[in-house]
Amino acid sequence: MTDAVVDEWTPGRVVDPYRSGALRVPTRAPLAVGGDPEAVELYGPVFGVTEVAPLDADLTRQHVGEPHGERITVSGRVLDRAGRPVRGQLVEIWQANASGRYAHQRDQHPAPLDPNFTGTGRCLTDAEGRYAFTTIRPGAYPWGNHENAWRPAHIHFSLFGRAFTQRLVTQMYFPGDPLLAYDPILHTVTDAAARGRLVAAYDPELSVQDRLLGYHWDIVLDGPAATLPDPEATP
């Protein structure tokens, strides 16, 4: 395990078994924004409520037929470091299908594509900071990091915080997955408690009788209890 140049907020650990991890952490100290720091926000995207439709959050109803796999709902709250809800937050997800394949041309994993599942969704948090998605539990898939390497089931999340420069991209995992112990990407988070915050909890209150299983997962944007970023997405 080695260190990169870091500051208080930048993860600096590179887990040796994660081969491309060294290419995904900063190698230089961050630069201060000169002049008007708020000017940076002028280059970020602007999202309106009317641009996000209710069906965007239900990945099982975006096509003519129903997708294959185990239906689930994932819900929780987006909070700031003080535990206050982040309202009107754009939350985006993307994931593999039940067979462990992404609907992306670069994914050539020899598993079937699902014509009724694209694997992307988005929603806006409500007044209490809550978000909710209905989707399919993703499957594990092989990756070329090491011999017999398989990624555990996971869902990618993207949140823009209160400003575009606060964007967080992270991954949510599922409880009881035997592959968690073997995943070098998850173990780039060296603190066990912080790793635990990336794993959702099964919640029977969110489950729907004869329809789907429910999982609860809160997201904290910053501070000592922050949800840590996805090392695959760190430039």
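Here the structure is a predicted model, which is why all the values come from computation and not from measurement. (Residues numbered from 1 in each chain as written. Predicted model: local features only at pLDDT ≥ 70, side-chain atom pairs only at ≥ 80, totals over all residues. Heavy atoms only, no water.)

(A) Layout of the pairing of strand S4 (residues 90–94). Relative to strand S5 (residues 120–124), S4 runs antiparallel, the two being bridged by five bridges. If you follow Ile93 over to S5, its bridge partner there is Gly121. (Pairing = 2+ DSSP bridges. Helix = DSSP H or I, 4+ residues; strand = E, 2+ residues; numbered from the N terminus.)

(B) Seen up close, the pattern of salt bridges. Under the definition given, this model contains eight salt bridges. Across the salt bridge formed by Arg211 and Glu66, the nearest N and O atoms sit 3.7 Å from each other. Pair noted here: Arg211 is in the loop between strand S11 (201–202) and strand S12 (213–216) and Glu66 is in the loop between strand S2 (13–14) and strand S3 (71–79), with a separation of 145 residues, a long-range link. Ionic pairing is found between Glu128 and Arg77, a salt bridge with its closest N-O pair at 3.7 Å. With Glu128 in the loop between S5 and strand S6 (130–136) and Arg77 in strand S3, this residue pair connects regions lying 51 residues apart in the sequence. Classification of Glu128 by relative accessible area gives partly exposed; the value is 39%. The exposure class of Arg77 is partly exposed, given its relative accessible area of 23%. (Salt bridge = Lys/Arg side-chain N within 4 Å of Asp/Glu carboxyl O. Buried < 20%, exposed > 50% of the residue type's maximum accessible area, 1.4 Å probe, protein only.)

(C) Fine view of the environment of Thr188. Positionally, Thr188 belongs in the loop between strand S10 (168–173) and helix H1 (192–196). Residues Thr188 and Pro231, 43 residues apart in the sequence, show an inter-C-alpha distance of 7.3 Å.

(D) Broad picture of the side chain of His154. Along the chain, the position of His154 falls in strand S9 (residues 154–159). One polar contact links the side chain of His154 to the main-chain carbonyl oxygen of Pro152, over a distance of 2.7 Å. Within the structure, His154 has its side chain in polar contact with the side chain of His156 (distance 3.2 Å). With near-sequence residues (within four places) excluded, His154 lies in contact with Gln95, Tyr102, Pro138, Tyr141, Gln171, Met172, Tyr173 and Phe174. (Polar contact = N/O pair within 3.5 Å; in protein donor to acceptor, adjacent residues only side chain to side chain. Contact = heavy atoms within 4.5 Å.)

(E) Molecular detail of the confidence of the model for the protein chain. Averaged over all residues, the pLDDT of the protein chain is 86; the fraction at 70 or higher stands at 79%. Within the model, pLDDT remains below 50 along residues 1–9, and this stretch shows 23 contacts once partners closer than five positions in the same chain are excluded. (pLDDT = per-residue confidence, 0-100.)

(F) A look at the packing of aromatic side chains. All chains considered together, the criterion is met by seven aromatic pairs. When the centroid spacing of 5.7 Å and the interplanar angle of 75 degrees are considered together, the rings of Tyr131 and Phe157 count as edge-to-face. A residue pair is termed long-range when its members are at least 10 positions apart, and Tyr131 in strand S6 and Phe157 in strand S9 qualify at 26 residues. The buried category is assigned to Phe157, whose relative accessible area is 1%. Three or more aromatic residues joined by ring pairs make a cluster, and in this case those are Tyr131, Phe133, Phe157 and Trp217. Directly above the ring of Trp143 sits Arg151, whose terminal nitrogen or CZ lies 6.0 Å from the centroid. (Phe/Tyr/Trp six-rings, centres within 6.5 Å; stacked < 30°, edge-to-face > 60°. Lys NZ or Arg CZ within 6 Å of the ring centre and 35° of its normal.)

(G) Spatial organisation of the environment of Tyr182. Relative to the elements of secondary structure, Tyr182 occurs in the loop between S10 and H1. The spacing of Tyr182 and Arg151 is 31 residues in sequence and 8.5 Å in space, taken between C-alpha atoms.

(H) Highlighting the sheet that holds S9. Read across the sheet, four strands follow the order S5-S4-S9-S10 without closing on themselves; strand pairing throughout is antiparallel. Two strands lie at the open edges of the sheet, namely S5 and S10, each paired on one side alone. Sheet twist, expressed as the average angle between the axes of neighbouring strands with direction ignored, equals 25 degrees. Here S9 pairs with S10 via six bridges, running antiparallel. Counted as the bridge partner of Ile155 is Met172 from S10. (Axes fitted to C-alpha atoms, helices over the stretch in contact; angles between N-to-C directions.)

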